[in-house]
Amino acid sequence: MLRKIANIFFTLFFVASIIFEHYCIRECGDSALIVVCGGLVVIIAAFLFIDVLVSVYTRERDYILEKQKEQNEAAVKGLREDLQELLKYQKALYVVAKKNEKSGEN
């Protein structure tokens with residue numbers, strides 16, 4: 001919940017800083033100090049916004065990778081069980097074939 005609030009806050013902060021910079025350029029274009037300070041605010045806001053985007057992407061990627069790992073482990077477990085069952089059937093068929101071979105000799 002706190003992460004979502006931070007995401008929304010930094011997104012709004014970035015958009016507001018761009019609007020503020022546009023206002024500063026439009027109204028105070030002759031004062032370089034104000035325009036530069038507004039630009040610094042935009043750069044800081046952009047950094048925070050990009051950091052939030054990267055962290056969201058990283059969390060989603062880790063979540064997807066974890067789910068895929070769990071699915072792979074479940075598939076491997078199921079495959080092992082199937083192979084064990086096939087091995088039992090093969091042994092049973094071998095025993096039956098040997099019994100038939102012995103009964104055919106008599």
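Worth saying up front: this structure is predicted, and the values here are computed from it rather than measured. (Residues numbered from 1 in each chain as written. Predicted model: local features only at pLDDT ≥ 70, side-chain atom pairs only at ≥ 80, totals over all residues. Heavy atoms only, no water.)

(A) Quick peek at the overall build of the protein chain. In terms of helices and strands, the protein chain carries two helices and zero strands. What you see for the protein chain is a C-alpha radius of gyration of 33 Å, clearly larger than the 13 Å of a compact globule of 106 residues, by over 25%. Taken along its principal axes, the extent of the C-alpha atoms in the protein chain is 115 × 25 × 15 Å. Out of the 106 residues in the protein chain, the part that is buried amounts to 11%. Contacts in the protein chain between residues at least 24 apart in sequence constitute 65% of all its contacts with a sequence separation of at least 6. In the structure as shown, the protein chain presents an accessible area of about 9200 Å², 67% of it carried by carbon and sulfur atoms. Where the 14 positive side-chain charges of the protein chain centre and where its 14 negative ones centre are 11 Å apart. (Helix = DSSP H or I, 4+ residues; strand = E, 2+ residues; numbered from the N terminus. Rg over C-alpha atoms; globule rule 2.2 N^0.38 Å. Buried < 20%, exposed > 50% of the residue type's maximum accessible area, 1.4 Å probe, protein only. Contact = heavy atoms within 4.5 Å. Areas by Shrake-Rupley, 256 points an atom, 1.4 Å probe, with all protein chains shown as cover. Lys, Arg positive; Asp, Glu negative; His and termini not counted. Charge placed at Lys NZ, Arg CZ, Asp CG, Glu CD.)

(B) Quick look at the side chain of Ser 17. Its location among the elements puts Ser 17 in helix α1 (residues 2-27). One polar contact links the side chain of Ser 17 to the main-chain carbonyl oxygen of Phe 14, over a distance of 2.7 Å. Excluding residues that lie within four positions of it along the chain, Ser 17 makes contacts with Val 41, Val 42 and Ala 45. (Polar contact = N/O pair within 3.5 Å; in protein donor to acceptor, adjacent residues only side chain to side chain.)

(C) Fine view of the pattern of salt bridges. Across all of its chains, the model carries two salt bridges by this definition. Residue Arg 61 is joined to Asp 62 by a salt bridge in which the shortest nitrogen-to-oxygen separation is 3.6 Å. Residue classification places Arg 61 among the partly exposed positions, given a relative accessible area of 38%. Note that Lys 67 is salt-bridged to Glu 70, the shortest N-O span being 3.9 Å. Taken together, the residues Lys 67 and Glu 70, both in helix α2 (residues 32-105) and three residues apart, mark about one turn of the helix. Residue classification places Glu 70 among the partly exposed residues on the basis of a relative accessible area of 38%. (Salt bridge = Lys/Arg side-chain N within 4 Å of Asp/Glu carboxyl O.)

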